[in-house]
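Chain and residue survey
Chain residues, written in single-letter form:
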Amino acid sequence: MPAIVRWEPFKEIAALQERMNRVFDEVWGRRPRGEEDYLSSAWIPAVDVRETADALNIQVEVPGIDPKDVQVAVENGVLIIKGSRNFEKAAEGETYHRVERAYGSFERSFTLPSNIDPDKVKATYRHGVLHLSLAKREEAKPKSIAIKVED
């Protein structure tokens, strides 16, 4: 099983702290966050990583994001996924009573195993999920060896 996830503890700790702050603010009735707080915060989309005999498949939850606002690149053996979700300002006569969705920019990066071909990465977007298929190199795919039976 290849190690493909680069753990970024500080981003995860910051996201956890943000969630906890939001919970305590709601419980003790502290000031609601302003729009500028939501615009400047970073968030981390959820990711699933699966491996098959032919490829590594990654699914990234990015609902409500236009696919043109997401970039995917492979640099020096690292898969980088970047994007942003913009805060929608309330229209004239509207007021937000609750804002729970995260806004701002995000970036995820994954160190790719050496058996992945960086030139054979396919990306599709369907129902708010970015699907990435990273093909394995031909020499890395499992090969079956026939056993010759001699008399």
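Read on for a plain summary of the structure. Along each chain, residue indices are assigned from 1 in the same order as the chain's sequence is written. Where totals are concerned, whole chains, interfaces and linings use all residues; where local detail is concerned, this predicted model gives features only for residues with pLDDT of at least 70, and gives and counts side-chain atom pairs only at 80 or more. To get the side-chain values, take all heavy atoms of the structure and skip hydrogens and water.

Here's the deal with the overall build of the protein
We count it as follows: Only DSSP runs of H or I reaching four residues or more are called helices, and only runs of E reaching two or more are called strands; each is numbered from the N terminus. Throughout, exposure labels follow a simple rule: accessible area from a 1.4 Å probe, protein chains only, divided by the maximum for the residue type, with under 20% read as buried, over 50% as exposed, and the rest as partly exposed. Contacts were defined at the residue level, with two residues in contact if any of their heavy atoms lie within 4.5 Å.
The helix and strand inventory of the protein stands at 2 helices and 7 strands. Starting at the N terminus, the α and β elements of the protein follow one another as α-α-β-β-β-β-β-β-β. A buried classification covers 28% of the 151 residues belonging to the protein. Sequence-distant contacts, at least 24 apart, represent 56% of the contacts inside the protein between residues at least 6 apart.

Things to note about the environment of Val-62
Mapped onto the fold, Val-62 is located in the loop between strand S2 (55-61) and strand S3 (70-75). We classify Val-62 as buried; its relative accessible area is 1%. Among residues more than four places away in sequence, those in contact with Val-62 are Pro-45, Arg-85, Phe-106, Tyr-125, Gly-128 and Leu-130.

Some thoughts on the pairing of strand S6 (residues 116-126)
Basically, it comes down to this: Two strands qualify as a pair provided DSSP detects at least 2 bridges between them.
Examined bridge by bridge, S6 and strand S7 (residues 129-136) share 7 bridges and lie antiparallel to one another. Opposite Ile-116, over in S7, you have Lys-136 as the bridge partner. Taken together, S6 and the strand that follows it, S7, pair antiparallel across an intervening segment of 2 residues, in which His-127 is found at a positive phi of about 55 degrees.

Quick word on the packing of aromatic side chains
Going by this rule: Aromatic contacts are taken between Phe, Tyr and Trp rings whose centres are within 6.5 Å, Trp giving its six-membered ring; a plane angle under 30 degrees counts as stacked, one over 60 as edge-to-face, and the others as tilted.
Inspection of the entire model under this criterion finds 2 aromatic pairs. Ring centres of Phe-87 and Tyr-96 lie 5.4 Å apart, and the angle between their planes is 45 degrees; this geometry places the pair in the tilted category. Ring plane angle 80 degrees and centroid distance 5.0 Å describe the contact between Phe-87 and Tyr-103, whose orientation is recorded as edge-to-face. You can see Phe-87 sitting in the loop between strand S4 (78-85) and strand S5 (104-111) and its partner Tyr-103 sitting in the loop between S4 and S5, a full 16 residues away along the chain. Given a relative accessible area of 4%, Tyr-103 falls into the buried group. In this structure an aromatic cluster arises from ring pairing among Phe-87, Tyr-96 and Tyr-103.

Some points on the sheet that holds S3
Selection rule: All axes here are fitted lines through C-alpha atoms, helices being fitted over the stretch that makes contact, and every angle between N-to-C directions spans 0 to 180 degrees.
Reading across the sheet, the 3 strands line up as S3-S4-S5 and stay open at both edges, with antiparallel pairing between neighbours. Pairing within the sheet leaves two strands with one partner each, and these edge strands are S3 and S5. Averaged over all adjacent pairs, the angle separating strand axes in this sheet is 15 degrees, with direction ignored. Where S4 lies against S5, 8 bridges are found, and the strand directions are antiparallel. When the sheet's bridge partners are listed, Ile-81 is paired in S5 with Arg-108.

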